Amino acid sequence: MRILNSVGAPFSRSLLVLVLLALGAVTFTACNGSRREARRGEGEDLTSPYLPKTTGQPLFQPVKLASLQVPLPHIPDAEYVNDDTLCMVCHDTYAKTFQHNVHRGQSCEKCHGPASRHLITRGKEPGTLLNFRKLTPPERSEVCLQCHEQNQCEPGSAWRTSVHAHHGVACTDCHTSHYNVPPGTPPTSLDMARDDRPIQQLVSLIQQQPEPQLDQASIREASNHMGAIAPQVCYRCHSSMQQYEQIAHPHQILGSNGFTCATCHDPHGKIRQETRTDLCLKCHDQSSPTMAWHSGTHFRYGVACTDCHNPHPNPNVQRAMNIQHTNISRPKRLPMSVDEPQACYKCHADIYAHNAMPSHHPIKEGKMVCSDCHDPHGQTQGNLTQPTVNMVCWRCHAEKQGPFAYEHPPVTENCGICHDPHGTVTNNLLKQPTTFLCLRCHTGHRTGPTFGPHTGAGLVDVGTNANLQRAFYTDCTQCHSQIHGSDLPSPHLPKAFLR
């Protein structure tokens, strides 16, 4: 029995060691496997410590809506007359204005359908002609799309899947076929735009207003757009957007740069894809921080200007701030403001977690933002505002820059060796408690009378004395307080960075 016990104890220890080694090997293999998987995916999905590793598609995803194509409305038992002079007998007013219209070469029946029954009944029988007021929005649009299926604006398929179409807007809600509404015609007021009446009634109210005397060029411009002059026609539904016309800024609607709603939005489709970056770079080019945007990290990951910049920020002064414990939120105002750091947290969720650590830069307190250290349009490592990490840190922590007579090599190399700037659980943004951090490079005070930094000092081995361990391995900076560098030599060793 004694023999079994004497043999069993070493066997159990050996078995435990083998199990631990196997677990370590499995963990190592899993880690390496995940790294190899990440390397294999670099061709399709870029990886970076500064952006989400799952970034495979652009942050902006266009809205995908079903097509609202409906049958073209028709009038039963009616035939085409092909004689507009018969229409002019009763509709002379329409005919006169139609002569200056972009549709002046089209027949009345092209839009209103065959008019034989309408002529026979002299218009007294309802339903003998296509009445746009009684057609559904998709049907009104289909009448227009029979000619504008492939036109200079957008293909008809784009309109049928547009946001406007899915919100019950038809072509005739913005464009008028009979009346020309040249620039300068008083648009709908804010009160009228907020009216609950159907948009067709609002359009008719505008059409009934007297037309101002304008030159032929303005009349031709209005005629080409069929009365849909942005932004006035947009204010009928989007009345809140008029505030961007009343406040002066570089992106002001109808301002010095000539921005209108149609500059970025395509009313016949969706948001213009080129407005997300390419349109911005036409003005923000060589003389701006975005001059090398196409070589930056954000561009390589499919980030566009409008993913961070709000094209419709709130221009009003915020009267009350949102204060939650230490979090202070005050969104920036015009123009194209970026709501930092929330805009950054959309992709950098891990940094949001770090900023909530006990030791963090005062981002939550509203004293600084991400762009104080990072340049989102930059091309340096980590999109820093300076070429190196140390140069960014020294802008605020100049006392750590030196030069010192006795320099600490990790400090001059990279502050990130010891500190995590986004937040840690340890004081002073240290990655680990001080002693553990120092012991990564230094062996500690395992000294004797013949070896170590205190050679000949007669010190006993600190590792063999519990009281000395408590004193020497509690916090190295209790003695080595000048850890970033010193100009004074230490008693025992010049580069000991003592007090």
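Residues numbered from 1 in each chain as written. Predicted model: local features only at pLDDT ≥ 70, side-chain atom pairs only at ≥ 80, totals over all residues. Heavy atoms only, no water.

### Regarding the overall build of the chain
Defined as follows: Runs of H or I in DSSP of at least four residues are treated as helices and runs of E of at least two as strands, each being numbered from the N terminus. Each residue is placed in one exposure class: buried if its accessible area under a 1.4 Å probe, protein chains only, is under 20% of its type's maximum, exposed if it is over 50%, and partly exposed if it falls in between. For the area figures, the Shrake-Rupley method with a 1.4 Å probe applies, and any residue is considered shielded solely by the protein chains shown.
Helix and strand counts for the chain stand at 22 helices and 4 strands. Residue burial in the chain is summarised as follows: out of 499 residues, 27% are buried. If you sum the accessible surface of the chain, you get close to 31,800 Å²; carbon and sulfur atoms cover 58% of it.

### Focus: the state of the cysteines
Disulfide: a covalent bond connecting the sulfur atoms of a pair of cysteines. We count it as follows: We call a pair of cysteine sulfur atoms a disulfide whenever their separation is within 2.5 Å.
This model, assessed by the stated rule, comprises 0 disulfides. Left unpaired, Cys-144 is separated from the closest cysteine sulfur, that of Cys-171, by 4.0 Å.

### Considerations on unusual backbone geometry
The omega torsion of the bond from Glu-340 to Pro-341 falls at -5°, within 30 degrees of zero and hence cis. One can find Pro-341 in the loop between strand S2 (327–329) and helix H17 (342–345). Cis geometry marks the peptide bond from Gly-402 to Pro-403, where omega comes out at 10°. Here Pro-403 lies in the loop between helix H19 (389–394) and strand S3 (406–407). Of note in this structure, Leu-254 is not a glycine but carries a positive phi near 60°. Tracing the sequence through the fold places Leu-254 in the loop between helix H12 (243–246) and helix H13 (261–264). For Leu-254, a relative accessible area of 40% puts it in the partly exposed group. Even without glycine at this site, Leu-429 takes up a positive phi of about 60°. Mapping Leu-429 onto the fold places it in the loop between helix H20 (409–413) and helix H21 (434–438).

### Looking at the pattern of salt bridges
Note the following rule: Put simply, a salt bridge is a Lys or Arg side-chain nitrogen that is within 4 Å of an Asp or Glu carboxyl oxygen.
Taken as a whole and assessed by the stated rule, the structure comprises 5 salt bridges. Measuring nitrogen to oxygen at the nearest pair gives 2.6 Å for the salt bridge that ties Glu-125 to Arg-117.

### A look at the side chain of Ser-162
Convention followed: Residues adjacent in sequence count toward polar contacts only when both atoms are side-chain atoms; beyond that, a polar contact is any pair of N or O atoms within 3.5 Å, and within protein one must be able to donate a hydrogen and the other to accept it. When checking whether two residues touch, look at their non-hydrogen atoms; a contact exists if any pair is within 4.5 Å.
In this structure, Ser-162 sits in the loop between helix H7 (156–160) and helix H8 (163–166). Using a relative accessible area of 0% as the deciding quantity, one classes Ser-162 as buried. Here Ala-165 takes part through its backbone nitrogen, which lies 3.3 Å from a polar atom of the side chain of Ser-162. Beyond its immediate stretch of four places on either side in the chain, Ser-162 contacts Leu-65, His-268 and Gly-269.

### Remarks on the confidence of the model for the chain
Operational definition: On a scale of 0 to 100, pLDDT captures the predictor's confidence in every residue.
Chain-level pLDDT for the chain is 74 on average; 69% of the residues reach the 70-or-more range. Looking at the elements of the chain, mean pLDDT is at its lowest for helix H9 (residues 190–193), recorded as 37, and at its highest for H19, recorded as 94. Predicted confidence for residues 1–11 stays below pLDDT 50, and this span has 0 contacts to residues more than four positions away or in other chains. Below pLDDT 50 for its whole length, residues 25–58 participates in 23 contacts with residues either more than four positions away or in separate chains.

### Quick notes on the packing of aromatic side chains
Rule in force here: Ring pairs are drawn from Phe, Tyr and Trp, using the six-membered ring of Trp, whenever the two centres fall within 6.5 Å, and their geometry is named by plane angle: stacked under 30 degrees, edge-to-face over 60, tilted for the rest.
Within this structure, the stated rule accounts for 1 aromatic pair. On the basis of an interplanar angle of 75° and a centroid distance of 4.9 Å, the ring pair of Tyr-345 and Tyr-352 is categorised as edge-to-face.

### Observations concerning the environment of Asn-314
Looking at the secondary structure, you find Asn-314 in the loop between helix H16 (305–308) and strand S1 (322–324). For Asn-314, a relative accessible area of 48% translates into the label partly exposed. C-alpha of Asn-314 to C-alpha of Ser-337: the two residues are 23 residues apart in sequence and 8.9 Å apart in space. Not counting the four nearest positions on each side in its chain, Asn-314 is found in contact with Tyr-244 and Arg-333.

### Re the side chain of Ser-359
Mapping Ser-359 onto the fold places it in the loop between helix H18 (349–355) and H19. The exposure class of Ser-359 is buried, given its relative accessible area of 11%. Within polar-contact distance, the side chain of Ser-359 engages the backbone oxygen of Thr-426 at 3.4 Å. A polar atom in the side chain of Ser-359 sits 2.9 Å from the backbone nitrogen of Leu-429. Those residues in contact with Ser-359 that sit more than four places away from it in its chain are Gly-423, Thr-424, Thr-426, Asn-427, Asn-428 and Leu-429.

### Focus: the environment of Gly-485
Relative to the helices and strands, Gly-485 resides in strand S4 (residues 485–486). Taking C-alpha positions, Gly-485 is 6.5 Å from Phe-497, a pair spaced 12 residues apart along the chain.

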